[in-house]
Structures are given as structure tokens and as C-alpha cells.
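# An overview of the molecular structure
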Amino acid sequence: MRVAVRLCSAQLVLELCALGILGTPQDIAKISKGTPVCNSFNEHKVPGTLYTGNSSLGNVPILEYKISELTSFDSSFELRTLDPEGIIFLGDIGSVTNWFLLAVQNRHLSVQTGHSKGKVVMSRGPLISDGKWKKVTVKKLQDGVSVFVNGEQRMTVEQSQESIDAEHGDGFLRIAIGASIPNSNIPLTIHPPLDACMRDWEWVKQDSSVLLQDSQTQRCWDTIIPGSFFPGNGVVGFLPEALGNSSVQRSTAGEEDQNWNLLVELTFLPVEDRGVLFAIVDPLRNVSFSVSMNQSTKDLVLHVRDQVFLSTPTPSSLCTGESQFLQLWVSEDQVMLDLEGKMVIRKLDDQDFRFLKAIWGQTGTMVYLGGLPEDESPFHGCLQAKLQGVDVDLDLAEVKSGDVRSHSCPSALHVRDGK
């Protein structure tokens, strides 16, 4: 048996910066490693578990077995996820055109198979994305390949003659966990990364213990809750139109949205009371608009064109373990910010409004959550976000760095549902 595991890690270099006045959002988050924690929690992750969502970091566990040495093609594992879509595992046997995919689609278990003639067989199974542990077993039976959930047979797909023949050949069986096999060119219709956890696995009745690396990024928390976890060394950036809502998308060429406004809703629970929560970055990577926490002054700060536009004290409940709810409206003549029921209103002059509307309409403008490009001013904690009333799905991100988890947070950082 041969196992290939590609690893990469991101290291955040923190600097000490004594801030006497409010600075840019980049300055606000420059702190030392000894900075007090706002909401502490046990970041321990459970040994013997495998997080499947690290493919964006290049961490794709790939198992490879010589077919002639196998005595069984059955596999089993326990799975827990809140993610509505992603790959659980993808295997091919004998050739890259003869494959089997077990995935999550629309929160349900899904099976797809294909072979060299281009035929793809699909089957939809039970609800899987509820955050509860489930035992999943894939068995080769006489009439095809069946998937069992908690001991109950739920799906069966016909096995192609090509696959049957490959089981008696001299080739290899490959299994990629949580991602597609590199350079396989399999026509997938789902977004690969799956924010999920595995444990108690047994792949084709072989010892796969080498699969688990001694790394915190390869392990899972004991219990999880909905949200997106930012570890303080990663950010997410996406194109506004990726959300697929007409109120978020840009105007088409030659058109101008006369009624443009911006609505941002954030529910968050910080581990450290610093970092950028939300930002708009133009195609030249200039920060045009941002909302951040200043740890030095204990303020929430809004910047427009790299200048402080609005500042308000953070609530006394910020570091008490209670999640915070923020609503921000930008309209033609004013900005309204509501943080935990405290409303602040500032007049927005016509020049700044036109500037923001123009930046929003430019091709290549990005929205960032949890920090700025190059992992600057990172946020550490659990976050839920809505933009223009639409829930933000971090799986739609154009840029994703660090160990950001799109659909789960440790249960100690429980955030209430946004209003």
C-alpha cells in the first residue's frame, strides 16, 4: 500500500504596534502574541479524527492500493457534517475514467459513477448534513455497489462491466478523501471541499492509520455548531455576484443602478477583539471600505478610502461569551450602524457614495470576510454573514486561505442566528 499526503501550512507573523490614535484597518490588528484573549476556549482537537475540508490548502489524503493485493472492496467510516455540498471521497480503479464518487449534495448523500464510455449514474440518498455522527458503509454486492447509513441500505448503483473487469486486473485503486484526484479531469458538478469530520475508518479492509497526520489542521473538534470559523491566520474573499442574488450582482454594461445601497449583517463571537470583519477591496487591492475591531481603543471602526469614517465603542458584552449582532446600511446620503441595539448614524456625502457605488460596480472588486488580502488584519472567532439579505456561503469564495472552516465552529463559540 502506498499513501500520499500533501501538507502545507500557513504561518501568521504578528508584529507589536503601539497605537496612540486610530489607524488604518491594517494597523489596527498588528498585535503581539501575548495579547489577552477576549473569549477563551479549548482549541484541542480530537486524535483519531480526520477533517476532510483541507483541499484548499493542498492537504488531500490519497490512498493507493495494488488491486491484486486486495481481498475486499468494502469501506466504512463515521461522518459528521453541516456542509450542504462537497466530496466525501472519490475513487478510481484501473483507469481515471472508471470512477466512484460519494458526496453531499443539497444536504443529502449522493453517489455518482462513471466509466470510459461517458455514462454517469447518479443516486440520491438520505439527509446527511445535520451535524450528527453517522456510520457510512460502501459495499460491493452482487447487483452493484450499495451504500448503507447506520446499518440500513439506502442506495445502490449498478456496477459497469469495465469496473468489474478492473477488479481482476493488475492496476491500482486510488481513493482521494475530501477532494477530487488531481489531474483526473472527472466532470464534477459539485464544489469539492467538504467541511466534515471522519473517524473510525476502514478503507477496503486495509490498515490506513498512516492517513492521519499529527497535525491540528487534520483533526476535528469534539462538538460543532453552525457558523464559519476563522482561526486568526486566514481570510476569505469572493466576488459579490457569486452569491447569485440580483441585489448583490453588479449592473450590466452600460447600466447604472440608481437605487444602489449596501446591507451587511454579521453575527460573530470573537476569540480576540481585533481584526477586519468585512471589507470591500478594489481590483488594485486597495481597501475601499472596511469594518474592523480596534483592540487598543476597544472601538468598532468603519473606514472609507482608508480614512476613519465612523467609530463606536464595542459593547461591554463583547468578551463575555455572548455573540454580537451588527447591521450596517449604506445609502445615498447616510451610513447607519447598529451594534447590539446601539444605533449610530453618519451623513455620507455624495462624493463618497458615488465612490463606493463605482467600486462595487467594477469587475474584479472583491468582498473579504475575516481579514484583508495577504492575510492582513485577521479575525479570530466564529462568524455568520449576510450580504444584501443573502446568507454568505464561504464555499463560493474566490480566495480562501488558512484553516478557515466554512460551515462549522467549535461549540464553545456558539453564535445565535442572525436577525
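Residues numbered from 1 in each chain as written. Predicted model: local features only at pLDDT ≥ 70, side-chain atom pairs only at ≥ 80, totals over all residues. Heavy atoms only, no water.

Another point: helix H3 (residues 350-361). Compared with an ideal rise of 1.5 Å per residue, which puts twelve residues at 16 Å, H3 spans 17 Å between its outermost C-alpha atoms and is within 8% of the ideal. All buried positions along H3 are accounted for by Asp352, Phe353, Leu356, Lys357, Ile359 and Trp360. Viewed end-on, H3 has its buried residues packed into an arc of 160°, placing them on one side of the element. Residues of H3 that are exposed and angled more than 90 degrees away from the buried face: Gln351 and Arg354. (Helix = DSSP H or I, 4+ residues; strand = E, 2+ residues; numbered from the N terminus. Expected span 1.5 Å × (residues − 1). Buried < 20%, exposed > 50% of the residue type's maximum accessible area, 1.4 Å probe, protein only. Arc of directions from axis to C-beta.)

A few words on unusual backbone geometry. Negative phi characterises most residues that are not glycine, and trans characterises most peptide bonds. Its identity as a non-glycine residue notwithstanding, Lys298 has a phi of 60°, on the positive side. By the element assignment, Lys298 lies in the loop between strand E19 (287-294) and strand E20 (299-304). Classification of Lys298 as partly exposed rests on a relative accessible area of 42%. With a phi angle near 55°, Arg305 is a residue other than glycine that sits in the positive phi range. Position of Arg305 relative to the elements: it lies in the loop between E20 and strand E21 (307-313).

Strand E10 (residues 144-149) sits mainly inside the fold: six of its six residues count as buried. Of the strand pairs in this sheet, strand E9 (residues 134-141) and E10 are connected by six bridges, and their pairing is antiparallel. In the sheet register, Val138 faces E10, and the bridge partner there is Val147. Between E9 and E10, which pair antiparallel one after the other, the connecting turn spans two residues. In the sheet, E10 pairs with strand E11 (residues 152-157) via five bridges, with the strands oriented antiparallel. When the sheet's bridge partners are listed, Val147 is paired in E11 with Met155. (Pairing = 2+ DSSP bridges.)

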